[in-house]
Each structure stands twice: as structure tokens, then as C-alpha cells.
Amino acid sequence: MDRFETFTGVAAPMPLVNIDTDMIIPKQFLKTIKRTGLGVSLFHEMRYAMDGSENADFVLNRQAWRNAEIIVAGDNFGCGSSREHAPWALKDFGIRCVISTSFADIFYNNCFKNGILPITLPKEQVDRLMEHADSGSNARVTIDLEAQTVTAPDGETFRFEVDPFQKRCLLEGLDDIDLTLRKEADITAFEARHRLAMPWLAANPASTV
């Protein structure tokens with residue numbers, strides 16, 4: 001997983017409330033188990049017309065925000081079903097951070113496991129960032145995870161809270177597999193002890209205790 005430390009990116013305004021995971025990545029795209037290739041289908045029903053052409057009014061199709069790395073969103077972002085494909089699609093498009101007043105719990109935690117930082121801020125601060133984002137591609141916002149700050153284009157800085165463990169995982173680029181592999185020596189030692197204590201299981205791996 002990519003490390004998340006400090007970066008500056010274009011912020012796209014999405015003031016809709018209750019943007020659910022089916023809006024982020026519709027159900028017809030959930031057949032894959034790969035984390036790549038979903039970016040083109042992100043926000044599919046809002047982003048494309050029935051004939052497959054781009055909806056010129058959708059924010060991520062407009063020139064100023066085609067390369068957005070941050071989304072400033074309305075309340076309750078990521079609600080709905082608990083599909084992990086939603087953060088996969090966001091990350092594959094290039095989104096590294098979503099800022100809102102609130103998130104659905106499962107989506108919020110899935111973001112950390114996939115290299116995306118979800119930031120919760122008070123409504124008045126989100127509204128100010130939304131105004132900056134709406135101004136176009138000059139609205140470059142800086143995120144500093146170590147300092148836990150969001151800096152608006154005019155220099156105004158907002159501080160956010162984040163769970164220390166989730167923060168460390170993002171800073172070090174650790175997903176669940178990476179965390180497990182850090183204990184590889186302990187796991188190997190346990191397996192060796194287990195084989196010695198219960199050699200009949202090693203002879204018949206299909207057996208259960």
C-alpha cells in the first residue's frame with residue numbers, strides 16, 4: 001500500500017449528501033476482485049449518459065477537476081452497502097483523500113485499509129473548503145497526516161482527529177497483509193513449535209483439533 005504522508009492536490013466539490021457506495025461504484029462492476037481498473041467506472045451513473053458519453057455537467061468530467069486527488073463532500077459519505085470496491089474505485093481514479101462532516105463507519109475503515117485518508121471536519125470548515133474547491137483547479141489543498149492538518153488555498157489551516165493506529169498504518173503504508181507479514185518470524189516460530197507438539201497434524205494437514 002502507498003504511504004500517505006503530505007501531499008497537495010486539486011480538490012473537487014461534491015456537495016451532495018448521502019453519497020452511497022452504489023453511487024460510488026454501481027453493483028454491475030463488483031464482479032472483479034482486482035483493486036485496479038475500477039477508476040473508469042467511478043460514479044458511473046452520474047458521470048456517464050446512457051450511451052456511454054460523458055456527462056459534461058459532472059464535476060470529475062470538467063477540465064478543472066479531471067485530475068482531482070481530493071473530494072470535498074456532503075454529509076454521510078460512503079453510506080449504503082459495505083462494498084470494498086468503493087475505496088478501490090476512488091483510489092484507482094487517483095483520489096487520496098475525502099473530506100466530509102461524516103462517513104459511514106464501514107466505508108471509513110475500508111479507506112484506511114486501501115491508502116485513502118477520510119477526514120472529518122465541522123460543517124463550517126467543510127463549507128469553506130467546498131467554496132475553495134468550487135473555484136476550480138487553482139484550489140489546491142495540502143494534507144499533512146503527521147501534523148493532522150488540512151491547509152486551504154488561502155493558507156487557512158484546519159486540524160483533524162485520526163485514530164493513532166490507523167494513522168501509523170497510512171504513514172507507513174501498511175495494509176492488513178503487511179501488518180501480518182511483520183509478525184512473520186513469530187508465525188514461523190509458532191508453526192515450528194506446533195509441529196513438534198502435535199506431529200500427527202503435520203503428517204495429516206487436513207486433520208483438525
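For the structure, see preceding data.
Figured I'd write up the structure that's included with this text. (Residues numbered from 1 in each chain as written. Predicted model: local features only at pLDDT ≥ 70, side-chain atom pairs only at ≥ 80, totals over all residues. Heavy atoms only, no water.)

## A closer look at the pattern of salt bridges
Applying the stated criterion across every chain yields a total of 7 salt bridges. A salt bridge links Glu146 to Lys167, with the shortest nitrogen-to-oxygen separation between them at 3.9 Å. Taken together, the residues span a long stretch of sequence, with Glu146 in the loop between β5 (140-144) and β6 (149-151) and Lys167 in helix α6 (residues 164-172) at a distance of 21 residues. Judged by its relative accessible area of 13%, Lys167 falls in the buried class. (Salt bridge = Lys/Arg side-chain N within 4 Å of Asp/Glu carboxyl O. Helix = DSSP H or I, 4+ residues; strand = E, 2+ residues; numbered from the N terminus. Buried < 20%, exposed > 50% of the residue type's maximum accessible area, 1.4 Å probe, protein only.)

## Looking at unusual backbone geometry
A negative phi angle characterises most non-glycine residues, just as the trans form characterises most peptide bonds. You will see that Phe43, though not glycine, has its phi angle at about 55°, which is positive. Checked against the element boundaries, Phe43 lands in the loop between α1 (21-24) and α2 (44-47). You will see that Asn76, though not glycine, has its phi angle at about 60°, which is positive. Position of Asn76 relative to the elements: it lies in the loop between β2 (70-73) and α3 (85-93). A relative accessible area of 27% means that Asn76 is categorised as partly exposed.

## Describing the pairing of strand β3 (residues 97-100)
Every second residue of β3 is oriented toward a common face, with Cys97 and Ile99 on one face and Val98 and Ser100 on the other, all of them buried. Across 3 bridges, the pairing between β2 and β3 is parallel. Opposite Ile71, over in β3, you have Val98 as the bridge partner. Crossover β2 to β3 through α3 is right-handed. In this structure, β3 lies alongside strand β4 (residues 117-120), joined through 4 bridges in parallel fashion. Across the sheet, the residue bridging to Val98 is Pro118, located in β4. (Pairing = 2+ DSSP bridges. Right-handed = clockwise from strand over helix to strand, strands pointing away.)

## Notes on the nonpolar core
Core analysis: the largest hydrophobic core is formed by 56 residues, its most contacted members being Phe43, Phe77, Leu90, Ile99 and Ile143. Other than its neighbours up to four places away in sequence, Phe43 contacts Met14, Ile19, Met23, Ile24, Phe58, Leu60, Ile71, Phe77 and Leu90. (Core = buried A, V, L, I, M, F, W, Y, C linked by side-chain atoms within 4.5 Å. Contact = heavy atoms within 4.5 Å.)

## Re the side chain of Gln166
Summarising the element assignment, Gln166 is placed in helix α6. By relative accessible area, Gln166 is classed as buried at 15%. A polar atom in the side chain of Gln166 sits 2.8 Å from the side chain of Asn109. Residues within four places of Gln166 in sequence aside, it is in contact with Tyr108, Asn109 and Phe112. (Polar contact = N/O pair within 3.5 Å; in protein donor to acceptor, adjacent residues only side chain to side chain.)

## Quick word on the sheet that holds β5
If you trace the 7 strands from one edge of the open sheet to the other, you get β4-β3-β2-β1-β5-β6-β7, paired in mixed fashion. Looking at strand neighbours, the two that pair on one side only are β4 and β7 (157-159), the edges of this open sheet. Going from strand to strand, the sheet's axes swing by 25° on average, the running direction of each strand aside. (Axes fitted to C-alpha atoms, helices over the stretch in contact; angles between N-to-C directions.)

## Examining helix α5 (residues 123-134)
In a regular helix each residue adds 1.5 Å, so 12 residues correspond to 16 Å; α5 covers 16 Å between its end C-alpha atoms and thus fits that length. In this fold, the buried residues of α5 make contact with β1 (6-14), β2, β3, β5, β6 and β7. The first or second residue beyond α5 is Gly136, which carries a positive phi of 115°. (Expected span 1.5 Å × (residues − 1).)

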